[in-house]
Amino acid sequence: TTQKAAPVHTRSQELQQRAERYFPGGVNSPVRAFRAVGGHPPFLESAEGAYLTDADGNRYIDYFGSWGPMILGHAFPPVVEAIERAARKSASFGASTAAEAELAERVVSCYPKLEKLRFVSSGTEATMSAIRLARAATDRKLIVKFEGCYHGHADGLLVKAGSGVATFGIPGSAGVPDQIAHLTLALPYNDLVAVEAAFAAHPGEIAAVILEPAVGNAGCIPPVDGYLEGLRAITRREGALLIADEVMTGFRVALGGAVERYGMDPDLITLGKIVGGGLPVGVFGGKREYMDLLAPLGPVYQAGTLSGNPLAMAAGLATMDYLQEHAGEIYPRIEATAKAVAEGVAAEAKKAGVPLTTNRVGAMWTWFFTPGTVTDYESAAKSDTAMFGRFHNSMLEQGVWLPPSQFEAAFLGTAHGEAEVKATIEAAGEAFKAALGL
Ligand code: PMP
């Protein structure tokens, strides 16, 4: 093998120092800081298709896709043009535009269960609002969530959360009053017995069960057979709402997300990431009887200065138009590409003697550095995170940018092809040696 020179990061290091002057940890969102894998993150300057370019001109194959949204690749021309056109007409009105209902039509045609919806500006807002609605609709206080699932950073949803909360090994968040945290029951994922027990212990008190139908935020964990159907049956019997948080899985694991892939029938659905084409958009919606509880029709308050923002709607529309038009080709292809890279890298681990468990749902997957099957947060947490860190660093040095935590899912999109898969598998051979400390 040819020994490539290690990439230079001089400019990124300067930018890091400046960022640390202003931002806690140098970042505006914790997992970006690379604390879990060691070292400092390169600063990004531009990206095109499947490739990221950092401030020193180094290029990387992108396997985090801005944490999910960039399914059509970076700077996808129809999206760029749509944003430019919209910007010329004003970045924001704070009043209604045609584009909002146009995007809503696209979203509803992928998610027919959304009888009504609202656009917000983040996944956090979407889940926070869905929870408030569920409490109002049921006149109950308790929420069931699952360990390792992440639903944004609202107070009640950080209890035993995934993503950065899991990455940094913190049980929840300081600053959340006990009285609020106690309203959240965190149960193991993929375990219907635990859900039955919670309803038995709190009869008539649980407003909603919220979940990632296929988990991404503890790393990728698929639902076991019968789990989603079981949750639906229990919640229906108990008069609680079922909330499918599809901020990550929406338009990713199928055009109609997990609801389509697994044939779910949730009461409320939350979306984000892909629906905004890289701009800040979230969605919450579902049954009309619940959505009509929102102000100005009903007593549940929810609002946003930039909700339905015209640039965000334009980017979302361009993304959704393309996805819908080419769905029959795109989803099988990105799944096949993801399968090739996930399995190709797993084969390199086997050759190198590194115990690895690969979980994948469509074009989202995780390589867990553990020999055991991963079905919930507890089994994910058995992973050797130090080994993952060495693997991650080596991949990055070789020009492959993976999510910088064992407890995150990797993504790819339409711009990834055979050349990227091949380069990634080659890099993995080296990276597993580094992981072993060889
Ligand atoms: N729900 C899920 C399932 C998510 O993956 C995320 C973000 N990773 C959120 C909610 C929160 O979304 P945001 O970061 O846009 O607030």
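What counts, and where the lines are drawn
- Residues numbered from 1 in each chain as written.
- Predicted model: local features only at pLDDT ≥ 70, side-chain atom pairs only at ≥ 80, totals over all residues.
- Near = placed C-beta within 6 Å.
- Nonpolar A, V, L, I, M, F, W, Y, C, P; charged D, E, K, R; others polar.
- Helix = DSSP H or I, 4+ residues; strand = E, 2+ residues; numbered from the N terminus.
- UniProt positions renumbered as here; feature names shortened; annotations may be inferred.
- Buried ≥ 20, exposed ≤ 12 C-beta atoms within 10 Å, placed from the backbone.
- Domains from an automatic or database assignment.
- Contact = placed C-beta atoms within 7 Å.
- Pairing = 2+ DSSP bridges.
- Core = buried A, V, L, I, M, F, W, Y, C linked by C-beta atoms within 7 Å.

**Q** Got a sec to walk through the site of the ligand? Specific residues and values, please.
**A** Close to the ligand lie 16 residues; S122, G123, T124, G152 and V247 are nearest. Among the residues forming the shell around the ligand, the class breakdown is four nonpolar, ten polar and two charged.

**Q** Could you give me a rundown of the environment of E378, with the residues and numbers involved?
**A** Within the secondary structure, E378 is located in helix α12 (residues 377–380). In the structure, E378 is positioned 299 residues away from V79 in sequence and 40 Å away in space, judged by C-alpha atoms.

**Q** Provide a residue-level description of the UniProt feature "modified residue: N6-(pyridoxal phosphate)lysine" (unreviewed entry) in the chain, including the pertinent values.
**A** The positions that UniProt labels "modified residue: N6-(pyridoxal phosphate)lysine" (unreviewed entry) are, in the present scheme, K273. With respect to the element layout, K273 can be found in the loop between β9 (268–271) and β10 (282–286). A count of 27 C-beta atoms within 10 Å places K273 in the buried class.

**Q** With reference to specific residues and values, describe the domain arrangement of the chain.
**A** Looking at the chain, the domain boundaries give domain 1 (10–74 + 327–435) and domain 2 (77–322). Taking the mean C-alpha position of each, domain 1 and domain 2 sit 25 Å from one another. Taken together, the 32 residues of domain 1 in the interface contact 35 residues of domain 2. The dominant element in the side of domain 1 that touches domain 2, judged by the number of residues it contributes, is strand β12 (residues 364–368), at four residues. Of the residues belonging to the side of domain 1 that touches domain 2, the class tally is 19 nonpolar, eight polar and five charged.

**Q** Before we move on, could you go through the sheet that holds strand β1 (residues 44–48) and cite the residues and values that matter?
**A** The strand order β1-β2-β3-β13 describes an open sheet built from four strands, whose pairing is mixed. With one partner strand each, in any of the chains shown, β1 and β13 (400–401) form the two edges of the open sheet. Taken together, the three bridges between strand β2 (residues 51–54) and strand β3 (residues 59–62) define a ladder with antiparallel strand orientation. Across the sheet, Y51 pairs through a bridge with I61, a residue of β3.

**Q** Mind laying out the nonpolar core, listing which residues take part and the relevant values?
**A** A134, A208 and I243 are the most contacted members of the largest nonpolar core, which has 134 residues in total. With 16 residues, the single largest contributor to this core is helix α11 (residues 310–352). Residues within four places of A208 in sequence aside, it is in contact with I131, A134, I143, A240, L241 and I243.

**Q** Talk me through unusual backbone geometry; I want residue IDs and the actual numbers.
**A** Note on backbone geometry: most residues besides glycine have negative phi, and most peptide bonds are trans. Here the bond from A295 into P296 is cis, since omega is 10 degrees, no more than 30 degrees from zero. Relative to the elements of secondary structure, P296 occurs in the loop between α10 (288–291) and α11. Backbone geometry at W67 places phi at a positive 70 degrees, although glycine is not the residue there. Its place among the elements puts W67 in the loop between β3 and α2 (77–88). Its identity as a non-glycine residue notwithstanding, F251 has a phi of 60 degrees, on the positive side. Among the secondary structure elements, F251 is positioned in the loop between β8 (241–245) and α9 (257–262).

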